[in-house]
Structure formats: C-alpha cells, structure tokens
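Structural description and commentary
Residues per chain, in single letters:
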Amino acid sequence: MSSATTFELHVRSYAVDTGHVRHAFAQLVLPLHGALAVDIEGRQRELDAATAAFIEPGAAHSTLGLRADRSLILDLDAAALGDGVAGADLIGALARRRFLQRNEAASRLVDYMQQVVDGGRDPATLLPMWVPLLLDSLAATPVRPTSRLQALLACLEAAPGLSWAPATMAARAALSVSRLHALFDAELQTSPRAWLAGVRLRHARELLARTALPIAEIAQRSGYADQSALTHAMRRIDGITP
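What this report covers is the structure whose coordinates are included nearby. (Residues numbered from 1 in each chain as written. Predicted model: local features only at pLDDT ≥ 70, side-chain atom pairs only at ≥ 80, totals over all residues. Heavy atoms only, no water.)

1. Describing the pairing of strand β5 (residues 61-76)
Across the 16 residues that make up β5, a large majority, 12, are buried. Direction of pairing for strand β1 (residues 7-12) relative to β5: antiparallel, over a ladder of six bridges. The residue bridging F7 from the neighbouring strand is L76, located in β5. For strand β2 (residues 26-40) and β5, the ladder comprises 13 bridges, and the chain directions are antiparallel. Along β5, the bridge assignment pairs A37 with L64. (Buried < 20%, exposed > 50% of the residue type's maximum accessible area, 1.4 Å probe, protein only. Helix = DSSP H or I, 4+ residues; strand = E, 2+ residues; numbered from the N terminus. Pairing = 2+ DSSP bridges.)

Encoded structure:
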C-alpha cells in the first residue's frame, strides 16, 4: 500500500500459505467464494462468504486459501477513518473482535463492490464512501458464539449446485428441520431457502464474470434447473439478464 494512498482494494486468491507477515496499515479480508484459513496473532478461524477478518496495523497474520477461494482485500490507512474518539473506537472495536459475521447491510455492500470490480470499473472513486459504511456495518454486528450453522454454510458455499432441500440441510447440520429454520432466523434473519438462493445467485454472477462457460452450464453449476430459471432469478433480483 502506498504511503500516499488512503484505501486500496484488491481481488486475491491464496493458493499457498502466505506465512506470517506484518504491515503498517490495517487490512480487511472479505471472502467472496470458497474459504480461507486465517491466523491473526495466534487466533485462527476459517472464513467463508458470510464472514470477514480485520487485521490491525502491525499484527502478525497468515492466510491459506481453501476450496477455490476468491476474496476482496481492503488495505486502509487507519488514520483515514476519522480523528479522535470515533475513529479510534471503530478501529478498536474491529481489532478486538478480528473475526466478524457479515450482517445483511455489510453483505449488500460487499456484493455491490464485487459487481463494480467484476464489471471492470475502477473502484477508487467509490472507496471513500463505501469503506466507512462497510466498517460501520461490520462493527455494528452483534458478537455471536460459534454457530451450529458454520459447517453447513461452508458446504452450501462450496457446492451450491447440489440439491439442498431443507431436510438435506438439516441432516447435514445434525438438526431437525424446525430447529434449522429457527437458527437461520435467529442468526441470519432469513430462511434456509432464501439464504441458499443468495449463494446460488452470487456463484452464478461470479462464473458469468470470470469464465466463458455457456449460460446453461453456469445455471446447472449454480443450482438452477435450467438457463431460464437463472435468467428469471437475475431479472427479478438484479434487473438484468445473463
């Protein structure tokens, strides 16, 4: 990160362990697809597209990609978040927690920036507006204990094209169907089907942006019955077609 730059955004995949590194700027890790094993000062966590990691300046950390990972990596000058108590409190809140659950507001902001980057636009002019909103959303997310859903959500992210009926999800998580719905509502404020629909649409968008696969194959890999079903979902949610 340049000393004259306030924010820098990168898209990265980590095929090998980076080893422990330190840098003078803060960093936010936002997985888009697959999973990452992250170690920050001895605290370890597997991240997926429902989570994030905040690395404070000077913290020793390492990263290893899992399951075809792809992430937004935001480098930021902590001083740019504001002088005085407000800026220090925000950095402090994120640094104490380090590993964060993305709430709906944060997920929408990440989805928007992913579309900007995948669309070939330069995000530099948007970062001064996007970064404070994203960090505020992440800091406002309540701290939660390790979720009974964590392993299931990782499975859905890794294989959205499989047939994931609620009963199948419940069996994978060793829960009853009613308990599965209750946990999704309490932790994610949505239903299993709605959450899966979001995963599948994000997966389809990524394949459309990064590959030359036929649309019918992208639909199948993303869990849609056919190309028409994918087209309908994109038109309904994004207002565009593949």
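So much for the structure itself; the text now carries on.
2. Brief notes about empty space enclosed by the protein
A probe matching the size of a water molecule, rolled over the atoms, marks out where space remains unfilled. Counted under the stated rule, the structure contains one cavity of 30 Å³ or more. Quantified by volume, the largest cavity comes out at close to 50 Å³. If you go around the largest cavity, the residues you meet are L32, H33, Q114, E157, P160, V199, R202, H203 and E206. If you list the elements that add at least two residues to the lining of the largest cavity, you get β2 and α7 (192-210). With four residues, the single largest contributor to the lining of the largest cavity is α7. (1 Å grid on protein atoms, 1.4 Å probe; cavity = no way out; pocket = protein on both sides within 12 Å on 5 of 7 lines; lining within 4 Å. Points joined across faces, edges and corners; volume = space filled by probe spheres on them.)

3. A look at the packing of aromatic side chains
Centre-to-centre distance and the angle between the planes together describe a pair of aromatic rings. One pass over the full model with this rule turns up one aromatic pair. A ring pair is formed by F184 and W195, whose centres lie 6.5 Å apart and whose planes are at 70 degrees; its orientation type is edge-to-face. Linking F184 in helix α6 (residues 177-188) with W195 in helix α7, this pair joins segments that are 11 residues apart in sequence. For F184, a relative accessible area of 0% corresponds to the buried category. (Phe/Tyr/Trp six-rings, centres within 6.5 Å; stacked < 30°, edge-to-face > 60°.)

4. Focus: the nonpolar core
In this structure, W130 and L134 are the most contacted members of the largest nonpolar core, which totals 28 residues. Contributing elements (two or more residues each) for this core: β1, β2, β4 (51-55), β5, α1 (84-97), α2 (104-118) and α3 (127-140). Sorting elements by how many residues they give to this core places α3 first, with six residues. Setting aside residues no more than four positions away along its own chain, L134 makes contact with L28, L30, A106, L109 and V110. Residues A50, M169, L188 and V199 belong to the second largest nonpolar core, which totals 17 residues. (Core = buried A, V, L, I, M, F, W, Y, C linked by side-chain atoms within 4.5 Å. Contact = heavy atoms within 4.5 Å.)

5. Side note on the pattern of salt bridges
Enumeration according to the criterion identifies eight salt bridges in this entry. Here E41 makes a salt bridge to R22, at a shortest N to O gap of 3.5 Å. With a gap of 19 residues between them, E41 in the loop between β2 and β3 (43-47) and R22 in the loop between β1 and β2 connect regions that are remote in the sequence. On the basis of relative accessible area, E41 is assigned to the partly exposed category, the value being 39%. Exposure remark for R22: the relative accessible area of 57% places this residue in the exposed category. What emerges from the salt-bridge pattern is a single network uniting R70, D118, E206 and R210. (Salt bridge = Lys/Arg side-chain N within 4 Å of Asp/Glu carboxyl O.)

6. Digging into the packing of helix α4 (residues 150-158) against α7
Orientation of α4 relative to α7, taken along the N-to-C sense of each, is 35 degrees, at an axis distance of 9 Å. Like other packed secondary-structure pairs, α4 and α7 cross with a definite hand, here right-handed. Contacts between α4 and α7 involve L153, L156 and E157 from the former and W195, L196, V199 and R202 from the latter. Across the contact of α4 with α7, the residue classes break down as five nonpolar, no polar and two charged. (Axes fitted to C-alpha atoms, helices over the stretch in contact; angles between N-to-C directions. Left-handed = near helix turned anticlockwise from the far one by under 90°. Nonpolar A, V, L, I, M, F, W, Y, C, P; charged D, E, K, R; others polar.)

7. Focus on the environment of L94
If you trace the backbone, L94 turns up in helix α1. Placed 44 residues apart in sequence, L94 and L138 show a C-alpha to C-alpha distance of 7.9 Å. Each residue touching L94, except ones within four places of it in the same chain, is listed here: F54, L100, L135, L138 and A139.

8. A short note on the packing of α7 against helix α9 (residues 227-238)
Two elements in contact, α7 and α9, have axes whose closest approach is 11 Å; the angle formed by their N-to-C orientations is 100 degrees. As summarised for this structure, α7 and α9 are arranged roughly perpendicular, according to the angle between their axes. Residues L201, A204, R205 and L208 of α7 pack against L230, M234, I237 and D238 of α9. In the contact of α7 with α9, the residues fall into six nonpolar, no polar and two charged. (Parallel < 35°, antiparallel > 145°, perpendicular 65-115°, else oblique.)

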